[in-house]
Amino acid sequence: MNTFMTVSLYADSAKSGKGACLAVKTEIERLENIFSTTIPESQVYRLNHLSLSGSSEVGEELLFGSESSVEIKNLSSDFIKLYDFSKLMYEKTGGALNPALYPLIREWGFTTGLYKVPSEQRIAELLEKTDFSAVNLSGAEGAKLPAGMALDFGALGKGYAADRAVEILGGLGIKSALLDFGGNIQALGTKADGTLWKVGVRNPFEEGVAAALCIENKAVVTSGGYERFFDDQDGNRYIHIFDPKTGRPSQSDLESVTIICPSGTYADALSTSLFVMGKDGALTFWKENPDFDFILITKKGEMLYSEGLKSSIEIMADFKTSECTVDSF
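Computed from a predicted model, the values in this text were never measured in an experiment.

**Some points on the nonpolar core**
Counting residues in hydrophobic clusters, the biggest one holds 61 residues, and the most contacted among them are Phe-35, Phe-79, Ile-259, Phe-292 and Phe-294. If one sorts the elements of this core by residue count, helix α8 (residues 264-288) sits on top with eleven residues. For Phe-292, the residues in contact, after removing those within four places along its chain, are Ile-259, Ile-260, Cys-261, Tyr-266, Leu-270, Leu-274, Phe-285, Trp-286 and Ser-306. Counting 19 residues, the second largest nonpolar core, distinct from the first, contains Ile-185, Ala-211, Ile-260 and Tyr-305.

So this is what it looks like as structure tokens:
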């Protein structure tokens with residue numbers, strides 16, 4: 001998943017603690033071999049690259065300009081679960097979350113490191129291949145991709161992995177753990193002494209923490225334009241979060257979005273989606289779906305947070321802050 005991951009937990013013994021950590025590591029590697037876009041044995045890679053004839057020699061030109069559909073059999077239950085959830089979130093967010101952007105993301109160089117600004121014609125051409133509603137997975141029996149399409153569950157993968165890790169730890173009798181999956185934080189229970197976990201939300205403008213949160217049994221996931229980007233020769237900055245409507249890196253008025261809720265998968269999906277929606281769109285979405293908490297930091301240096309965080313948030317930097325209630329706007 002292209003990141004460092006840390007699991008901190010309390011166990012009855014060093015042996016049981018190491019065993020629990022090993023179980024999580026094994027599960028993460030298993031999921032990587034399902035969802036990776038770069039591991040040839042993964043189901044996502046195979047779905048993206050196999051032709052109807054079963055050949056694994058399909059090149060990038062054929063992958064993104066093919067005249068026929070692509071098919072694969074016997075998808076895992078994890079693939080189906082994440083696909084079904086993605087489909088739900090695609091519809092719920094009006095397409096702001098779109099796992100079918102891989103051809104565009106690759107064209108811009110964010111999967112290869114060979115960064116470039118594609119021509120408007122090329123963007124328009126690839127944008128036609130990103131209609132996620134056209135993807136049809138027929139359950140565990142098989143799946144088909146329309147011609148020229150490819151999937152990437154990167155906006156959900158770490159959250160899903162964290163949920164599975166917490167599930168495994170709970171099944172092993174672990175009641176207290178804190179996971180850091182590349183900035184996706186997930187807490188199982190409280191600390192061993194019963195106090196809440198305290199986690200920081202990064203300041204997107206400078207080194208340090210913007211806010212601290214006290215949590216238990218919650219995920220804290222942040223998306224921001226400062227994480228991965230490149231600058232062109234004219235000094236224009238292009239971030240790794242894409243606007244599915246334009247096929248270009250998002251021009252959101254937000255600098256970062258942090259989501260707090262019990263599900264890491266949901267938090268992961270929402271942090272990306274609300275960033276793309278921008279401040280007004282994010283607040284409207286939350287008003288219509290107040291089943292999570294949030295911290296929005298705008299490019300103007302404003303910090304807005306949901307009313308559910310009132311007793312658990314500590315502002316750690318000089319922001320103009322506002323507490324948001326469902327009926328406040």
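**Concerning the packing of aromatic side chains**
Using the criterion set out here, one finds 19 aromatic pairs in the structure. Note on Phe-85 and Tyr-266: the rings are 6.5 Å apart at their centroids and 85° apart in plane angle, and the pair reads as edge-to-face. Pair noted here: Phe-85 is in helix α4 (residues 77-92) and Tyr-266 is in helix α8, with a separation of 181 residues, a long-range link. The exposure class of Tyr-266 is buried, given its relative accessible area of 9%. Joined through ring pairs, the aromatic side chains of Trp-108, Phe-110, Tyr-115, Phe-230, Tyr-238 and Phe-242 make up one cluster.

**Here's the deal with the sheet that holds strand β9 (residues 219-224)**
One open sheet accounts for eight strands, arranged β1-β5-β6-β9-β14-β15-β16-β18; its pairing is mixed. On the outer flanks of this sheet lie β1 (5-10) and β18 (320-324), each paired with one strand and no other. Here the strands of the sheet are splayed against their neighbours by 10° on average, with no regard to which way each runs. Helix-sheet contacts for α8 involve β6 (184-188), β9, β14 (254-261), β15 (293-298), β16 (302-306) and β18, and the interaxial angle to β14 is about 130°.

Parameters at a glance
Residues numbered from 1 in each chain as written. Predicted model: local features only at pLDDT ≥ 70, side-chain atom pairs only at ≥ 80, totals over all residues. Heavy atoms only, no water. Core = buried A, V, L, I, M, F, W, Y, C linked by side-chain atoms within 4.5 Å. Buried < 20%, exposed > 50% of the residue type's maximum accessible area, 1.4 Å probe, protein only. Helix = DSSP H or I, 4+ residues; strand = E, 2+ residues; numbered from the N terminus. Contact = heavy atoms within 4.5 Å. Phe/Tyr/Trp six-rings, centres within 6.5 Å; stacked < 30°, edge-to-face > 60°. Pairing = 2+ DSSP bridges. Axes fitted to C-alpha atoms, helices over the stretch in contact; angles between N-to-C directions.

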